Amino acid sequence: MHPIAIGFLLFNQRRFHYEKKNLSDKEIIQLFGPTDDEIIRGFIQNKKLTNEAVERYYSSYQKAHRDIMLSSSEIIKMLKDLLGMRLRMGIITGKSRRGLDISLDQLSMTSLFETTIAGDEVQQPKPNPEGILKTMEMMNLKKDEVIFVGDSIADIRAGKAANLLTVGVHWLSTVQTTHFEEEPDYYFTNTVDFIKFIKSL
């Protein structure tokens, strides 16, 4: 299971503590967009329980990474291969800074990325290109030096809004968008073909 999605699914498993609502995995994925905290705070009707719900979510989210290390090994290998090719990498995510740091730490990925921007560090989330442009400025990169990779339509639209080459990917077990309403420039369903593509540039 993808680390960014697993926290939301865990939140679903613990719903009986708060709302007694049954949500399918698809319904939870449809909540993606705001940060983790914002989703939970907006979902909980009894506002007195929101802080407890948020803390329970992050506690479960951190523990769950132990179960997804093997399923993430292919992605981690790909990232290390890209780093070995002297590519500079950054993350722009809708996740909160707290959630992102948990994932990077638990998966030992912190050192793989030069910059990371979380959802609570921008005024406008994707598909607005604010996070992308901020990252490019921090890394001192020009548009023709950047490829933007994402698995959601918001990612692709953000990349196109920033006038970047966009790559849509569906190589994870859980994705926010199962098909791209707006076509990316390139599309891959496995990491091997993606690496070959990068080497061909």
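Everything below is about the structure printed above this text.
*Asks:* Before we move on, could you go through the pairing of strand S3 (residues 147-150) and cite the residues and values that matter?
*Replies:* Burial along S3 is one-sided: Phe148 and Gly150 are buried, while Ile147 and Val149, pointing the other way, are not. Pairing analysis gives 4 bridges linking S3 to strand S4 (residues 165-169), with the strands arranged parallel. Of the residues in S4, the one forming a bridge with phenylalanine 148 is threonine 166. Regarding topology, helix H8 (residues 153-161) serves as the crossover connection from S3 to the parallel S4, and that connection is right-handed.

*Asks:* Describe in detail the packing of helix H4 (residues 50-64) against helix H6 (residues 97-106), supporting the description with residues and values.
*Replies:* Viewed as axis vectors pointing N to C, H4 and H6 meet at an angle of 15°, and their least axial separation amounts to 10 Å. One way to sum up the angle between H4 and H6 is to call them roughly parallel. Helix-helix and strand crossings are classified by hand; for H4 and H6 the assignment is right-handed. In this structure, H4 uses Glu55, Tyr58, Tyr61 and Gln62 to contact H6, whose residues at the interface are Arg98, Gly99, Ile102, Ser103 and Gln106. When its residues are assigned to classes, the contact of H4 with H6 shows 3 nonpolar, 4 polar and 2 charged.

*Asks:* Tell me what's going on with the nonpolar core, and back it up with residues and numbers.
*Replies:* Residues Met78, Leu79, Leu82, Met109, Phe113 and Phe194 are the most contacted members of the largest nonpolar core, which totals 22 residues. At the level of secondary structure, the elements contributing two or more residues to this core comprise helix H5 (73-84), H6, S4 and helix H9 (191-200). The leading source of residues in this core is H5, at 5 residues. In this structure methionine 109 touches Ile76, Leu79 and Leu104, once residues within four positions along its chain are discounted.

*Asks:* Describe in detail unusual backbone geometry, supporting the description with residues and values.
*Replies:* Following lysine 126, the chain continues to proline 127 via a peptide bond in cis, the omega torsion being 20°. Phi at arginine 86 is positive, roughly 65°, even though this residue is not glycine. Relative to the assigned elements, arginine 86 resides in the loop between H5 and strand S1 (90-92). Positive phi outside glycine occurs at asparagine 140, with the angle close to 55°. With respect to the element layout, asparagine 140 can be found in the loop between helix H7 (130-139) and S3. Overall, the relative accessible area of 67% leaves asparagine 140 in the exposed class.

*Asks:* Give me the lowdown on the pairing of S4, citing residues and values where you can.
*Replies:* Across the 5 residues of S4, 4 count as buried, placing the element largely inside the fold. Here S4 runs beside strand S5 (residues 186-188); their pairing, made up of 3 bridges, is parallel. Looking across to S5, one finds that glycine 168 is bridged to tyrosine 187.

*Asks:* Hey, could you go over H7 for me, with residue numbers and the actual values?
*Replies:* Taken together, the buried positions of H7 are occupied by Gly131, Ile132, Thr135, Met136 and Met139. Taken around the axis of H7, the buried residues stretch over an arc of 135°, which confines them to a single face. Of the residues trailing H7, asparagine 140 is marked for its positive phi of about 55°.

*Asks:* Can you explain the sheet that holds S4? Please cite residues and give values.
*Replies:* Pairing in this open sheet of 3 strands is parallel, and the strands run S3-S4-S5 from one edge to the other. Strands with a single pairing partner mark the edges of an open sheet, and in this sheet they are S3 and S5. Taken pair by pair, the neighbouring strands of this sheet meet at an average axis angle of 25°, ignoring direction. Its contacts with the sheet place H8 against S3 and S4, and it is angled at close to 170° to S4. Each of S3, S4 and S5 touches H9; the most contacted strand, S5, lies at about 145° to it.

Procedures and definitions
Residues numbered from 1 in each chain as written. Predicted model: local features only at pLDDT ≥ 70, side-chain atom pairs only at ≥ 80, totals over all residues. Heavy atoms only, no water. Buried < 20%, exposed > 50% of the residue type's maximum accessible area, 1.4 Å probe, protein only. Helix = DSSP H or I, 4+ residues; strand = E, 2+ residues; numbered from the N terminus. Pairing = 2+ DSSP bridges. Right-handed = clockwise from strand over helix to strand, strands pointing away. Axes fitted to C-alpha atoms, helices over the stretch in contact; angles between N-to-C directions. Parallel < 35°, antiparallel > 145°, perpendicular 65-115°, else oblique. Left-handed = near helix turned anticlockwise from the far one by under 90°. Contact = heavy atoms within 4.5 Å. Nonpolar A, V, L, I, M, F, W, Y, C, P; charged D, E, K, R; others polar. Core = buried A, V, L, I, M, F, W, Y, C linked by side-chain atoms within 4.5 Å. Arc of directions from axis to C-beta.

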